[in-house]
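# Secondary and tertiary structure notes
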Amino acid sequence: MNTQYNSKARWNANLYESKHSFVWQYGTDLINLLSPQKGEKILDLGCGTGQLTDKIAATGADIVGIDRSPAMIAKAKENYPKIQFIVADGAHFSFPEKFDAIFSNAALHWIKPPEAAIACIGQALKSEGRFIAEFGGKGNVEQIIAAIDIALNKSGYQLQSELNPWYFPSIGEYTILLERQGFEVTYATLVARPTKLNGGEMGLRNWLEMFASSLLSIVSPSTKVDIMTEIEKQLKSILYRDGSWVADYKRIRVIATKKITSQ
Ligand code: BEZ
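What you see is a predicted model, and the numbers here were worked out from it, not measured in a lab.

Moving on: helix α4 (residues 70–79). Within the sequence span of α4, burial applies to M72, I73, K75 and A76. The buried side chains of α4 occupy one side of the element, clustering within an arc of 160 degrees when seen end-on.

Here we take up the site of the ligand. Around the ligand, the neighbouring residues are H109, W110, N140, W166, F168, W207, F211, Y249 and R251. A distance of 2.7 Å separates an oxygen atom of the ligand from a polar side-chain atom of N140. Here the ligand has 260 Å² of accessible area as a free molecule, and 98% of this is covered by the chains. Here the shell around the ligand is composed, by residue class, of six nonpolar, two polar and one charged.

In this section: the side chain of D44. Tracing the chain through its elements places D44 in strand β1 (residues 41–45). Despite its burial, D44 remains without a salt bridge, the nearest opposite charge being carried by K55 at 11 Å. Other than its neighbours up to four places away in sequence, D44 contacts L52, T53, I63, V64, G65, I66 and F103.

Judged by pairing direction, the sheet is antiparallel, and its three strands sit side by side in the order β7-β9-β8 without closing on themselves. Strands at the two margins of the open sheet, each flanked by one partner only, are β7 (195–196) and β8 (240–241). Taken together, the two bridges between β8 and strand β9 (residues 244–247) define a ladder with antiparallel strand orientation. Each bridged residue has a counterpart across the sheet, and for Y240 the counterpart in β9 is W245.

Here the focus is unusual backbone geometry. Looking along the chain, the bond that leaves K112 and enters P113 is cis, with omega of -5 degrees. In the Ramachandran plot, S35 falls in the positive-phi region, its phi being about 45 degrees despite a non-glycine side chain. Among the secondary structure elements, S35 is positioned in the loop between α2 (22–34) and β1. Phi at A106 takes a positive value of approximately 55 degrees, unusual for a residue other than glycine.

Taken in spatial order, the seven strands line up as β3-β2-β1-β4-β5-β10-β6 in an open sheet, and their pairing is mixed. For this open sheet the edge positions go to β3 (84–87) and β6 (183–192), each flanked by a neighbour on one side alone. The sheet shows a mean angle of 15 degrees between the axes of neighbouring strands, taken without regard to direction. Along the sheet, α4 makes contact with β2 (62–67) and β3, crossing β3 at roughly 170 degrees. Relative to the sheet, helix α5 (residues 114–124) contacts β1, β4 (99–105), β5 (125–136), β6 and β10 (250–258), its axis offset from that of β5 by approximately 145 degrees.

Our focus in this paragraph is the pairing of β10. Taken across its nine residues, β10 has eight buried, putting it largely inside the fold. Note: β5 against β10, seven bridges, orientation antiparallel. Residue pairing in the sheet places R130 in a bridge with T257 of β10. Bridge count for β6 against β10 is nine bridges, and the pairing is antiparallel. Within β10, the position partnered with E184 by the bridge is T257.

Analysis parameters
- Residues numbered from 1 in each chain as written.
- Predicted model: local features only at pLDDT ≥ 70, side-chain atom pairs only at ≥ 80, totals over all residues.
- Heavy atoms only, no water.
- Buried < 20%, exposed > 50% of the residue type's maximum accessible area, 1.4 Å probe, protein only.
- Helix = DSSP H or I, 4+ residues; strand = E, 2+ residues; numbered from the N terminus.
- Arc of directions from axis to C-beta.
- Near = heavy atom within 4 Å.
- Polar contact = N/O pair within 3.5 Å; in protein donor to acceptor, adjacent residues only side chain to side chain.
- Areas by Shrake-Rupley, 256 points an atom, 1.4 Å probe, with all protein chains shown as cover.
- Nonpolar A, V, L, I, M, F, W, Y, C, P; charged D, E, K, R; others polar.
- Lys, Arg positive; Asp, Glu negative; His and termini not counted.
- Salt bridge = Lys/Arg side-chain N within 4 Å of Asp/Glu carboxyl O.
- Contact = heavy atoms within 4.5 Å.
- Pairing = 2+ DSSP bridges.
- Axes fitted to C-alpha atoms, helices over the stretch in contact; angles between N-to-C directions.

Keep in mind that these numbers describe shape and distance, not what the molecule does.
Structural data, given as structure tokens:
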């Protein structure tokens, strides 16, 4: 992950690396779909702390990683000093040179509006360039969001849609956005991928702290503790198995080719 983050989110790169390593471990498989070739110019959009960028670099590709979080980029540079990492917003970036491929794992659900991200991707790709991405799709973390809603209500708060940092599109919705901007979509899937969270009993709380802080930003720190306890209570029988929390992730995967030169 790779995180283009909403302005409300505050990323802690050390926490991300130590407690949320599943984010890039799952992404390794996506590199097979990218099929990077030696010497190709590739952009890793939302590179987080750089683990997948490094794997792509190891294939001999000429890779650049971007992420909106300065903390993530600082950590990525510390981890992999030979790779170029740049702080850049996924909805407002541009490069003087064009890329053969753009790769993005677990980042695009943080980037709004999606049309702006797609416009930047289109402009940064060569004609016939490849776009390979995986991110949260329609129905992603639906049960977690429902439990947050119930827990907020029980404490007298409402879930506020303007604080929702995520964009989880259906395949239909996202492929139309790509086609409108001159891409040919050759592959798209939406699959449930229940994801075991690190940290045993603390896994859901860690996840909420790292990723759902904007939704809980309206409550005081002490109420937040009560709300997290209520969220755990709501979800225990559904998402807690054999000593671990399992998040109800749904992933959209797309492969598209840029066909039309953007303006
Ligand atoms: C995801 O990777 O699907 C995700 C991560 C954090 C918050 C929401 C979704």
